[in-house]
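# Survey of secondary and tertiary structure
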Amino acid sequence: MNEQAELMRSAAREFAEKYLKDVATKIEREGIGSDIKEKILQQGFLGATLSPDMGGAGLDPLSQRLMLFEFAKVSPSVSAYIFFHNDIVSKVLETRSDKESIRNLLEGKDNYGIYWPGLMEGAKTNSSEKVMERVINSSCNKTIGLFSDGKVYLVEGKNEPVKDFKPLGLRGMGICNFFPEKRVEYGKKEVLEDLLIKSSGDIASIFLGIAEGSLEKTMEYTRVRKTFNEPLKNYEPVAFKMAELESELEIMKYSLFSDEADEVRLLMLKNMSASFSKKATKYALQFHGGYGYLEDFGVEKFYRDSVALSAIIYRPVEDKRFLASKIYGDRSGFL
Amino acid sequence: MDFDLSEELKQYGKKVREFSLKEFSNKVASIYDIQEQYPDELRIKALKEGIIDFSNPWKTMIGIEEMCRVDPGLGISVTVPFFGAEVLMLHGSDHLKEKYLGKVAAGEKIMGLGVTEPGGGSDVAGLKTVARKEGNKYVVNGSKMFITNGTIADFFVMLVRTAHPDDPAKRHRGLSVLVVERNFKGFDSNKLTGKLGVRATNTAELILNNVEVPAENLVGDEGKGFYYIMEFFNISRIFVAAQSIGIAQGVLDRTTDFLKNLEKNGDYVGEERKFKLAEMATRVEASRLLMYKAASFLFNYNPNPTLTSMAKGYASETASFAAETAMEITGQTGLNSEIERFFRDSKIMEIWEGTSEVEKIVISRMILKGDKNE
Ligand SMILES: Cc1cc2nc3c(=O)[nH]c(=O)nc-3n(C[C@H](O)[C@H](O)[C@H](O)COP(=O)(O)OP(=O)(O)OC[C@H]3O[C@@H](n4cnc5c(N)ncnc54)[C@H](O)[C@@H]3O)c2cc1C
C-alpha cells in the first residue's frame, strides 16, 4: 500500500472514530448533520478525487477506496454521501470543466441529489420535468438525474421533504421530492453507466466497509452474550460462520486494497462484495437475536443499507453481463 | 394422498384475502409502519366480520398466511391478540379460561406471552424472573423483554421460576406459568421503538416489581411451566411458518407482477431473473407443503416437533430469501414499493419463537434420538 493511501486510511479512520461513531444512530434518525458535512468538506474528503487544477486533491483510486471503506464501517450513509459526490458529481462537473459549480461544491454551497431509477433494465422513472420523486439526499439544491428520455441532466431546483415514507437504506442521506427549475443536458444514459462501471472498486469498498462494520460488532457481541451458560462464540454454528465470513472478507479486502487491482478485478470485487455484504450483515443481525432487530443496537442498519445500496448502484443483470463479457473476451450473456 | 384443501377452507381463505385486500392497502399499512402504531380498529373489524376464526386451527393457519400475504405487519397485528392462548386452553383451570380467554375471543381483551428476558430468549430455562409463594399469592420480581402486545395487552401468560433445583442440569424444572394482569400493582411496561419491521405490532419490555399474583392464576401444575411452553411453541411455530409463507408468497406475487409488466411493455426480462423467480416459487411451494404436513400431524392430535421445527425453520428462511431476492429483481422499483416493507418484516421470522439455529438444534436432536418422522 502506498504512503498516501496509508495516510488517507488513518485520516478517515480517525475522523470516523472522532466524529461519526458516537452519532451513528443519530445520523440514521435525523440525517447527516450540517456540522458533519462541514467537517467532511474542511478535511478535504468531499471532492478529493478532483484534479488539483480543479481545486481537488487528485486523490488516487486506492486512497479513495480506503477512505470509503473506513467511513462505511461506521456510517454507510456518510460513505455513500461522499461516494456520490466524488464518483458521480465531481466526474460530471470535471468533464464539463464546470469550474464554478466545482467551486460551489467545494465551498459547500451546492449539495447534490442523485436520481436514476430508470438505470436498471425495465425499471421506470415516474418523474416528470415538474417533479423528481424520491431523490436521494434530502438536503440537495441540485441533482444529477436520469430522465425518461434516457438522458442525464444536471438539474437545479428546490427540494421538499417526502411525507409518509421512510427509505429502506441510507437514511442518513435521506430523500426528497425535487422540483426542477433549470436543467442542462449532460449526456446519454450510457455515460452514467460508464461512471458506475469505473466506480466498481469504490462501490466494493462501501459494501466491504458495511460488512466489516457489522462483523466487528458481531465479534464483540458473540464474545459477551451467553446462552446456556456459554458465550455464543463457543457454538460451532456461530464461530464457524463468523470464521467463514471473516475469511471471505479478508481475501476480498486483500484484493481490493492492492495497488495492482485492475478494472476487471474491481468489477469482480463489486459483484462479489454486493452479495457478500448482504450475507454478512444478515448473519450479523441474526447473531444479535432480538436485539439485532432494534435500531438502537446499530446492526440492522447495515443489513438495510447493503440491500438498499445494491438496489441503487448494483445492477444484477447488467453488471454480471459486463463481467461475463470481460471473462469471455467477447459479448456474452446476451441472446 | 390429496394435496387440496377442503372447499370450506378454500372459501375461508378467499374471504380472508378479500378482507385483507380491502383493509390492508399499501397506504394504510405504510402509515402504521411509519408511526409504529398498533391497528386496534382493524383487530375489532376482523373479529366483527368473522375473519378471525380460532375454532379451527386449519383456518387460523390459512387466515394468517392470507393476511400476511397482503401485509405482514397488519396481518400479524390482527391475529396476535390471542398469542399464548393455547397454554391456557390446554392447561388453564375452567375459572381462568372463563375469566381471561372468553374476553379475548369477544374482542374485549388482548393477551400476550412473556417468556423472553433481557438475558436470553433461546435459553428459556435460564430465565431469572422469580415468583415466591406467600400464602395464597405469588410475589413476582424480574423483567421480560421483546414482549409482543407488551403495552396494550390486558394480561400475560408468563413463565417464571418458582423453585431452584440443586442440579443445574435440571434447571428446566421449577418453572411455572402464571397469568399476570397489567393492572396488578408493581407491573410496568416500556414500549420498544425503532424495530426493523413488523412495526405495526406492539413490542415492549415488562418490569415486575413485587407484583402480587393470586395463586389461582397458576396455570396447570407448579414446576411444569417449561414443558407447557415448549408444547406451546410446537403449536405456534406452525403459525410462524404461515406468517413466513404469507410473506414469501406476497413478495412472489409482487415480483411476478413486476416481471409480467416488463414482458407486457416489451422490456427485457432475461433468464437470470426468471430463474430467480422460479427458485422463489419452488421454495414457497416446498415450505407450504412442509407446513401442511406438520399441521396435519399437529391438528390431528399427533404433534411431531421435528416436522414443526422443519416447517418453521425452512419457511422462515424462505421468507427472508424470497424478500431479498425480490429486492434484487425489482431494484429501485422495489425500494419504492411495498416490497421493501415485506423485506424488513421478513427477518423477524428467523428470530422469534425459536431462531433458525434453535430449530436446527431441535431437528437434529430429534433425528439423532431416533424420531423417524413418520
Ligand atoms: C419483535 C419481537 C417480538 C417478540 N415477541 C415475543 C413475545 O411476545 N414473547 C416472548 O417471550 N418473546 C418474544 N420475542 C423474543 C424472541 O423470541 C427472542 O428474541 C428469540 O427467542 C431469540 O432470543 P434472544 O433475542 O435472546 O437471542 P439469543 O438467545 O441471545 O441468541 C442470539 C443468537 O445466538 C444464537 N444461539 C443461541 N444459542 C445458540 C446455540 N446453542 N447454538 C447456536 N446458536 C445459538 C441464536 O440463534 C441467535 O442467532 C420477540 C422478539 C422480537 C424481536
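Now for the overall build of chain B. From N to C terminus, chain B includes 12 helices and eight strands. C-alpha atoms of chain B, sized along the principal axes, occupy 75 × 45 × 40 Å. Expressed as a percentage of its 374 residues, the buried residues of chain B come to 58%. Surface exposure of chain B reaches about 15,100 Å², of which carbon and sulfur atoms provide 52%.

What follows is about the environment of D319(A). All names here are of chain A. Among the structural elements, D319 can be located in helix α13 (residues 316-328). Separated by 123 residues in sequence, D319 and L196 have C-alpha atoms that sit 9.6 Å apart. Dropping the residues within four chain positions of it, D319 is found in contact with I197, K270, N271, I313 and Y314.

Let us look at the layout of surface pockets. Gaps left between atoms show up when a probe the size of a water molecule is rolled over them. Approximately 730 Å³ is the volume attributed to the second largest pocket. Around the second largest pocket sit 28 residues that line it, and K279(A), K282(A), Y283(A), F321(B) and E324(B) are the ones nearest its centre. Those elements that provide at least two residues to the lining of the second largest pocket are α9 (236-256), α10 (263-287) and α13 of chain A together with α9 (270-298), α10 (305-335) and α12 (356-369) of chain B. In terms of residues, the lining of the second largest pocket owes the most to one element, α10(A), which gives nine residues. Here the residues of the lining of the second largest pocket sort into eight nonpolar, six polar and 14 charged.

Turning next to the pairing of strand β4 (residues 151-161) of chain A. Consecutive side chains of a regular strand alternate in pointing toward one face of the sheet and then the other. Residue and element names in this part refer to chain A. Inspection of the sheet shows strand β3 (residues 142-146) paired to β4 by five bridges, in the antiparallel sense. Each bridged residue has a counterpart across the sheet, and for K142 the counterpart in β4 is E156. What sits between β3 and β4 in their antiparallel hairpin is a turn of four residues, with G150 showing a positive phi close to 80°. Here β4 pairs with strand β5 (residues 175-188) via 11 bridges, running antiparallel. Bridging from a neighbouring strand, L154 pairs with V184 of β5.

Our focus in this paragraph is the domain arrangement of chain B. All names here are of chain B. Domain boundaries assigned for chain B yield domain 1 (7-78), domain 2 (86-96 + 108-222) and domain 3 (227-368). If you average the C-alpha positions of domain 2 and of domain 3, the two centres end up 29 Å apart. Contacts between the two partners involve 20 residues from domain 2, matched on the other side by 16 residues from domain 3. On the domain 2 side of the interface with domain 3, the three residues burying the most area are E86, L196 and V198, jointly 32% of the side's total. Run the count over domain 2 and domain 3 and you get zero salt bridges. Taken together, the connections running from domain 2 to domain 3 amount to four residue pairs in polar contact (both at pLDDT 80 or more). Looking at the side of domain 2 that touches domain 3, the element that brings in the most residues is helix α6 (residues 85-91), giving four residues.

Moving on to the site of the ligand. Neighbouring the ligand are 29 residues; Q286(A), T116(B), G121(B), S122(B) and T355(B) lie closest to it. Positioned at a junction of chains, the ligand has nearby residues supplied by chains A and B. Contact distances for the ligand include 2.9 Å between a nitrogen atom and a side-chain N or O atom of T227(A). V115(B) places a polar main-chain atom, nitrogen or oxygen, 2.9 Å from an oxygen atom of the ligand. Contact with the protein chains hides 96% of the accessible area of the ligand, taken as 970 Å² for the molecule alone. With three residues, the top contributor of residues to the shell around the ligand is strand β3 (residues 137-148) of chain B.

Quick look at the interface of chain A and chain B now. Taken residue by residue, the interface counts 41 residues in chain A and 46 residues in chain B. Summed over both sides, the interface of chain A with chain B buries roughly 4,000 Å², with 60% coming from carbon and sulfur. The three residues of chain A that bury the most area against chain B are F228(A), Q286(A) and Y293(A), which together make up 19% of that side's buried surface. Here chain A and chain B share three salt bridges between them. Between K282(A) and E350(B) there is a salt bridge whose closest N-O contact spans 3.8 Å. Between the two partners, chain A and chain B, sit 18 residue pairs in polar contact (both at pLDDT 80 or more). Elements supplying a minimum of two residues to the side of chain A that touches chain B: β6 (226-227), α10, α11 (289-292), α12 (300-313) and α13 of chain A.

This part is about the packing of aromatic side chains. Going through the model one piece at a time under the given rule, you end up with 22 aromatic pairs over all chains. With 4.1 Å between their ring centres and 40° between their planes, F54(B) and F82(B) make a pair best called tilted. A residue pair is termed long-range when its members are at least 10 positions apart, and F54(B) in the loop between α3 (40-48) and α4 (57-70) and F82(B) in the loop between α5 (72-79) and α6 qualify at 28 residues. Accessibility expressed as a relative area gives 32% for F54(B), which makes it partly exposed. Through a chain of ring-to-ring contacts, three or more aromatic side chains come together here, namely F15(A), Y19(A), F45(A) and F71(A). Here the basic side chain of R134(A) rests over the ring of F165(A), its NZ or CZ set 3.7 Å away from the ring centre. Looking at R183(A), its charged tip hangs above the ring of F147(A), at a distance of 4.8 Å from the centre.

Residue and element names in this part refer to chain A. Residues M268, I327 and Y328 make up a contiguous nonpolar surface patch of roughly 340 Å² in combined accessible area. With respect to the helices and strands, Y328 occurs in helix α13. By relative accessible area, Y328 is classed as exposed at 64%.

Relative to the helices and strands, G114(B) resides in strand β1 (residues 111-114). Along the primary structure G114(B) and M158(B) are separated by 44 residues, whereas in three dimensions their C-alpha atoms are 4.5 Å apart.

Let's shift gears to the packing of helix α4 (residues 61-74) of chain A against helix α5 (residues 76-95) of chain A. Residue and element names in this part refer to chain A. At a minimum axis distance of 6 Å, the contact between α4 and α5 shows a crossing angle of 150°. One way to sum up the angle between α4 and α5 is to call them roughly antiparallel. In this structure, α4 uses Q64, M67, L68, F71, A72 and V74 to contact α5, whose residues at the interface are P76, V78, S79, I82, F83, N86 and D87. Looking at the contact of α4 with α5, its residues break down into nine nonpolar, three polar and one charged.

Side chains that are three or four residues apart share a direction in an α-helix, a result of its 3.6 residues per turn. Over its 13 residues, α13(A) runs 18 Å from end to end, which matches the ideal 18 Å to within 8%, given 1.5 Å per residue. Where α13(A) is buried, its residues touch α7 (189-198), α10 and α12 of chain A together with α9 and α10 of chain B. One or two steps after α13(A), the chain reaches G329(A), where phi turns positive at roughly 70°.

Let's shift gears to the side chain of R43(B). Residue and element names in this part refer to chain B. Within the secondary structure, R43 is located in helix α3. Judged by relative accessible area, which is 6%, R43 ranks as buried. Within polar-contact distance, the side chain of R43 engages the backbone oxygen of G107 at 3.2 Å. Sequence-distant contacts of R43, defined by excluding residues within four places in its chain, comprise Y38, V78, P81, G107, K109 and I110.

Reading the values: the criteria
Residues numbered from 1 in each chain as written. Chains lettered and ligands numbered in written order. Predicted model: local features only at pLDDT ≥ 70, side-chain atom pairs only at ≥ 80, totals over all residues. Heavy atoms only, no water. Helix = DSSP H or I, 4+ residues; strand = E, 2+ residues; numbered from the N terminus. Buried < 20%, exposed > 50% of the residue type's maximum accessible area, 1.4 Å probe, protein only. Areas by Shrake-Rupley, 256 points an atom, 1.4 Å probe, with all protein chains shown as cover. Contact = heavy atoms within 4.5 Å. 1 Å grid on protein atoms, 1.4 Å probe; cavity = no way out; pocket = protein on both sides within 12 Å on 5 of 7 lines; lining within 4 Å. Points joined across faces, edges and corners; volume = space filled by probe spheres on them. Nonpolar A, V, L, I, M, F, W, Y, C, P; charged D, E, K, R; others polar. Pairing = 2+ DSSP bridges. Domains from an automatic or database assignment. Buried area = accessible area lost by both parts, 1.4 Å probe. Salt bridge = Lys/Arg side-chain N within 4 Å of Asp/Glu carboxyl O. Polar contact = N/O pair within 3.5 Å; in protein donor to acceptor, adjacent residues only side chain to side chain. Near = heavy atom within 4 Å. Phe/Tyr/Trp six-rings, centres within 6.5 Å; stacked < 30°, edge-to-face > 60°. Lys NZ or Arg CZ within 6 Å of the ring centre and 35° of its normal. Patch = residues over 30% accessible without salt bridge, like charges linked within 9 Å, V, L, I, M, F, W, Y side chains within 5 Å. Axes fitted to C-alpha atoms, helices over the stretch in contact; angles between N-to-C directions. Parallel < 35°, antiparallel > 145°, perpendicular 65-115°, else oblique. Expected span 1.5 Å × (residues − 1).

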